[in-house]
Structures are given as C-alpha cells and as structure tokens.
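Here is how the chains run, residue by residue.
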Amino acid sequence: MRSTKLILAGLLALFAAVQPLAAADPSVAGLWQKTDEATGKPVIWFLFVENHGTYQGVAAKLFPRAEDGPQSPVCTACPDDRRNMPMLGLPIIRDMKRNGARYENGNIMDPRDGQIYRAVMTVSPDGQTLTVRGFLGFELLGRNEVWYRLPDEAIKHLDRSVVAKYLPGQAQAQSQAQARAQGQAQGQLQGQSQGQSDVTTTSALRRTQSTARSGD
C-alpha cells in the first residue's frame, strides 16, 4: 500500500514537471515570411491568428514577382467561401489544431488553382522557424517549406485592412498612437505660432518706443 502511494506521488510529480514544459512551447501566432528558395527574396508574409480554438494563416503582405505576370486582386480560383475574396488578407491555411509545437489536421490552399491540401506545421524550439508540410493522402508524400518568423514591429508594415480585420486590438492601439502623435504635432505648431506672434509683438513695441524717443 505504501509503495503504491509512493508510485502515485512520483507520477503526480512527473506530470507537474511536464506541464510547464508543454506550456513553454512557442506559438505559431504572429508574422512569418516565406522566401523564394532561388533568390532569398520575400514572396509573402503570413499572419497566424487563433480562430475559435484553431489557427489560421492569412496572406498579410504580398510581394509580386515580375515573372509571375499580372495578378488578380481577388481569388477567382478559390473553390469555397473564399471565392473572389481579396488576395490580401485571404485565409490560406485553416483549421490547424495545436499539439504542443506541432499543428495538425489543418489544410492549406494554393490560391493559383484553388487546390486544397492537408497540412501539418511545426514550430522550432527557438520559435524562429516554421516547417509547413502540405500533402494529398499521406503525410510522407508531402513537401516541406521553411518559413521565418518576423519581429512584432513588422506589423506596422501591414495594410490597415489586414490589421483591422485580424488584429483589432492592434488597430485600435495604432489609431490611438496616431491620434496622440497628431495632437503633439498640433501642439508644437501652436507653440511655434505663438512664439512667432510674441516675437512680432515685441518687435513692434520696440519700434514704437524707438519712434517715440526720436520724436522727443
């Protein structure tokens, strides 16, 4: 009986030790950059956000390439509710369920032809790279892509429509910051105008006093 209690206590201690490790896994939430493997130049930025318990990745910033030719501003090839949605802000990855650092049971769409693939993703231990694997049928037959995390400050380079739709808290904070900046700028202009007015008034008084003394 005593040995059973000791075993149970050990299991509870092990469970308690494992829980913080699981909680420490980096999240996919945030901005990621996909690059051209040949040139190293950015192709697209993805913004991952949580959506009712799953994660989705949206096209947050586009980098059109000359060799791709003219691009439609909307997804004409999308087969579902995304048909004719703007390419900017388009949900390309959907339904990713988190399992530690791995995200499973989701899907990724190729907006060029509307093909939807099953997908899994894994965040690296340091949280700086994301391995995305799309596949049809079996995961072993898929292909990996590695994307790179962008700093939080990169959000300021996103179109306002994307921020307002997927990061409403950030949009509100940006609006408040812009309002404060505009208020400070107006205050500085008013201060400068008042200073110039004071200088003009002082100069006029001096000229008047000088004229009066000359008349005396």
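Structure shown above.
Conventions used here
- Residues numbered from 1 in each chain as written.
- Predicted model: local features only at pLDDT ≥ 70, side-chain atom pairs only at ≥ 80, totals over all residues.
- Heavy atoms only, no water.
- Helix = DSSP H or I, 4+ residues; strand = E, 2+ residues; numbered from the N terminus.
- Buried < 20%, exposed > 50% of the residue type's maximum accessible area, 1.4 Å probe, protein only.
- Contact = heavy atoms within 4.5 Å.
- Areas by Shrake-Rupley, 256 points an atom, 1.4 Å probe, with all protein chains shown as cover.
- Disulfide = S-S within 2.5 Å.
- Core = buried A, V, L, I, M, F, W, Y, C linked by side-chain atoms within 4.5 Å.
- Pairing = 2+ DSSP bridges.
- Salt bridge = Lys/Arg side-chain N within 4 Å of Asp/Glu carboxyl O.

1. Describing the overall build of the protein
The helix and strand inventory of the protein stands at 3 helices and 8 strands. The order of helices and strands in the protein, counted from the N terminus, is α-β-β-β-β-β-β-β-β-α-α. Expressed as a percentage of its 216 residues, the buried residues of the protein come to 29%. Residue pairs in contact within the protein that sit at least 24 positions apart in sequence constitute 41% of those at least 6 positions apart. Within the structure as shown, the protein displays about 14,300 Å² of accessible surface, and the carbon and sulfur contribution to it stands at 55%.

2. Re the state of the cysteines
Tallied over the entire structure, the rule returns 1 disulfide. Between C75 and C78 runs a disulfide, and the two sulfur atoms are separated by 1.9 Å. Given an S-S torsion of about 95°, the disulfide between C75 and C78 has right-handed geometry. Both residues of the pair, C75 and C78, count as buried.

3. What to know about the nonpolar core
Within the largest apolar cluster, 25 residues are counted, with the highest numbers of intra-cluster contacts made by V28, F48, M121 and L130. Elements with a minimum of two residues in this core: β2 (42–51), β3 (54–62), β4 (91–99), β5 (102–110), β6 (115–123) and β7 (129–135). Among the elements that make up this core, the one with the highest residue count is β2 (4 residues). Counting residues in each nonpolar core, the second largest holds 14 residues, with V58, A154, V163 and Y166 among its members.

4. Overview of the pairing of strand β8 (residues 143–149)
In summary, the side chains of a regular strand alternate between the two faces of the sheet. Two elements, strand β1 (residues 30–35) and β8, share 2 bridges in a ladder whose sense is antiparallel. Its bridge partner lying in β8, W32 is registered against R149. Inspection of the sheet shows β7 paired to β8 by 6 bridges, in the antiparallel sense. Residue G134 lies in a different strand from β8, and its bridge partner there is R143.

5. Some remarks on the pairing of β6
Relative to β6, β5 runs antiparallel, the two being bridged by 7 bridges. Following the sheet pairing, D110 is matched in β6 by Q115. Two successive antiparallel strands, β5 and β6, enclose a turn made up of 4 residues, where G114 displays a positive phi of approximately 80°. Examined bridge by bridge, β6 and β7 share 6 bridges and lie antiparallel to one another. Note on β7: the bridge partner recorded for V120 is R133. Linking β6 to β7, which pair antiparallel, is a turn of 5 residues; within it G127 sits at a positive phi near 75°.

6. Section: the pattern of salt bridges
Opposite charge on two side chains allows them to pair when their charged atoms are near. Scanning all chains against the criterion turns up 9 salt bridges. The salt bridge partner of D81 is R94, with a shortest N-O separation of 2.9 Å. Highlighted residues: D81 in the loop between β3 and β4 and R94 in strand β4, separated in sequence by 13 residues. Its relative accessible area of 53% is what places D81 among the exposed residues. R102 serves as the salt-bridge partner of E104, at 2.7 Å between the closest nitrogen and oxygen. A relative accessible area of 27% means that R102 is categorised as partly exposed. Where salt bridges share partners, they join K34, E37, R143 and E145 into one cluster.

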